[in-house]
Amino acid sequence: MHIDPALLAFARDPSTIAGVQGRIHAAKARWQRRAEVAPVLADCAAWDRGGVFDACTHLHALMAGKGALAFARSWLADMALACRDAPLAQLPFRHNQGNGVGAIQLHRVGRVTLSLIGVDAKPAAPPRAISFTDCERHEAMLAGMGQATILGYCDEAPPSQALLALAPGARFSGDIDTSRAIVSVEAPLVFLRVAREPEHPELTRKVEISTGRVLHRASACPSESRVELAAALLGAMGREDAAPALAPYACGPAGEG
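Summary of the structure given here. Just so you know, these numbers come straight off a predicted model, no measurement behind them.

## Some words on the overall build of the protein chain
Counting its regular elements, the protein chain contains seven helices and ten strands. Oriented by its inertia axes, the alpha-carbon framework of the protein chain measures out at about 55 × 55 × 45 Å. Sorting the 257 residues of the protein chain into buried and exposed places 35% on the buried side. Carbon together with sulfur atoms contributes 57% to the accessible area of the protein chain, which is approximately 14,700 Å² in total. Computed over 26 positive and 26 negative side-chain charges, the inter-centroid distance for the protein chain is 7 Å.

Structure, rendered in structure tokens:
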């Protein structure tokens, strides 16, 4: 394996690494202080504390499309300039990429996240199943063109369906009984999403669209998933001494899992 000498020198110099990361974090802080950004982030905090979404005026207006594209462009411009000056720095934003979908988390406070989502162009693929997750979320389309299906959960019946044209200015709001599936993308999609997780989320349900049959249920609570993994590991290790610690969980008000 060939490793560029400049990368080796960089990795061996903690002071240089700290300086580079410091410039990236300073750029992030400057973006957060922008006049059009700070009130939105303050509203995210208010929404996390239990506020009503419609009462968070700056955040609500942003997700209604007012200044949403400029908001995203300001972040991109500030981070691009910072990366130009510090190309080896790590961006201080969680991100992931897979199956043609990329996401980068612009801001998180408590249970509220504000993210940019990108979806690559792909042919129509009507989904056979859809997941309904206990999470309030709002999306504002910034770019691209395609089509989505909005599905509404109906107990023991096929979900209701409505088409949504995906283009700049389109909006979507979802909750535990409302989900959406992108079925075609003619031009890569970019949208802004804000979401709030409940303190005690209900189970996520994966439903067969044609019949309404629930195919799978899963806990939407990360702490429950961590305990289940720990319990499985302790069981595989034969740790009988862990039984007293696990008993309160097994007998407590946990999810179906």
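## Quick look at the side chain of Glu139
Topologically, Glu139 is positioned in strand 5 (residues 136-154). Of the residues examined, Glu139 reaches a relative accessible area of 6% and is grouped as buried. Side-chain polar atoms of Glu139 contact the side chain of Arg180, separated by 3.2 Å. Beyond its immediate chain neighbours, meaning those up to four positions away, Glu139 contacts Met63, Ala170, Arg171, Phe172, Arg180, Phe191, Leu192 and Arg193.

## Quick word on the pattern of salt bridges
The tally for this structure, following the rule as stated, stands at eleven salt bridges. With a shortest N-O distance of 3.8 Å, Asp48 and Arg111 are connected by a salt bridge. Of this pair, Asp48 sits in helix 3 (residues 38-48) while Arg111 sits in the loop between strand 2 (101-109) and strand 3 (112-119), and the two are 63 residues apart along the sequence. Across the pair, exposure class does not vary: Asp48 and Arg111 are buried alike. Two residues, Glu136 and Arg196, come together in a salt bridge whose shortest N-O distance is 3.4 Å.

## Side note on the pairing of strand 8 (residues 178-196)
Pairing geometry for strand 3 and strand 8, over eight bridges, is antiparallel. Note that in strand 8 the partner of Ile117 across the bridge is Phe191. With 15 bridges joining them, strand 5 and strand 8 adopt antiparallel strand pairing. The partner of Ile150 across the bridge, within strand 8, is Arg180.

## Some words on empty space enclosed by the protein
Applying the stated criterion to the full structure yields one cavity of 30 Å³ or more. Taken as a whole, the largest cavity spans an internal volume of roughly 60 Å³. Around the largest cavity, the lining residues are Glu139, Ala140, Met141, Leu164, Leu166, Ala170, Arg171, Phe172, Arg180, Ile182, Leu189 and Phe191. Within the residue set of the lining of the largest cavity, elements represented by two or more residues are strand 5, strand 6 (157-166), strand 7 (171-174) and strand 8. In terms of residue count, strand 8 provides more of the lining of the largest cavity than any other element does, four residues in total. Within the lining of the largest cavity, the residues separate by chemical class into nine nonpolar, no polar and three charged.

## Examining the sheet that holds strand 4 (residues 129-132)
Read across the sheet, three strands follow the order 4-9-10 without closing on themselves; strand pairing throughout is antiparallel. The open sheet has two edge strands, strand 4 and strand 10 (214-218), and neither has a second partner. Averaged over all neighbouring strand pairs, the angle between strand axes comes to 15 degrees, with direction disregarded. Here four bridges tie strand 4 to strand 9 (residues 204-208), and the two strands are oriented antiparallel to one another. Looking at strand 9, one finds that Ser131 is bridged to Lys206.

## Re the layout of surface pockets
Empty space among the atoms becomes apparent when a probe as large as a water molecule is rolled across them. Estimates place the volume of the second largest pocket at around 240 Å³. Lining the second largest pocket are Leu69, Ala72, Arg73, Trp75, Leu76, Ile104, Leu116, Ile117, Gly118, Leu142, Ala143 and Val190. Mapped by element, the contributors of at least two residues to the lining of the second largest pocket are helix 5 (68-85), strand 3 and strand 5. With five residues, helix 5 is the single largest residue contributor to the lining of the second largest pocket.

The rules behind these values
- Residues numbered from 1 in each chain as written.
- Predicted model: local features only at pLDDT ≥ 70, side-chain atom pairs only at ≥ 80, totals over all residues.
- Heavy atoms only, no water.
- Helix = DSSP H or I, 4+ residues; strand = E, 2+ residues; numbered from the N terminus.
- Buried < 20%, exposed > 50% of the residue type's maximum accessible area, 1.4 Å probe, protein only.
- Areas by Shrake-Rupley, 256 points an atom, 1.4 Å probe, with all protein chains shown as cover.
- Lys, Arg positive; Asp, Glu negative; His and termini not counted.
- Charge placed at Lys NZ, Arg CZ, Asp CG, Glu CD.
- Polar contact = N/O pair within 3.5 Å; in protein donor to acceptor, adjacent residues only side chain to side chain.
- Contact = heavy atoms within 4.5 Å.
- Salt bridge = Lys/Arg side-chain N within 4 Å of Asp/Glu carboxyl O.
- Pairing = 2+ DSSP bridges.
- 1 Å grid on protein atoms, 1.4 Å probe; cavity = no way out; pocket = protein on both sides within 12 Å on 5 of 7 lines; lining within 4 Å.
- Points joined across faces, edges and corners; volume = space filled by probe spheres on them.
- Nonpolar A, V, L, I, M, F, W, Y, C, P; charged D, E, K, R; others polar.
- Axes fitted to C-alpha atoms, helices over the stretch in contact; angles between N-to-C directions.

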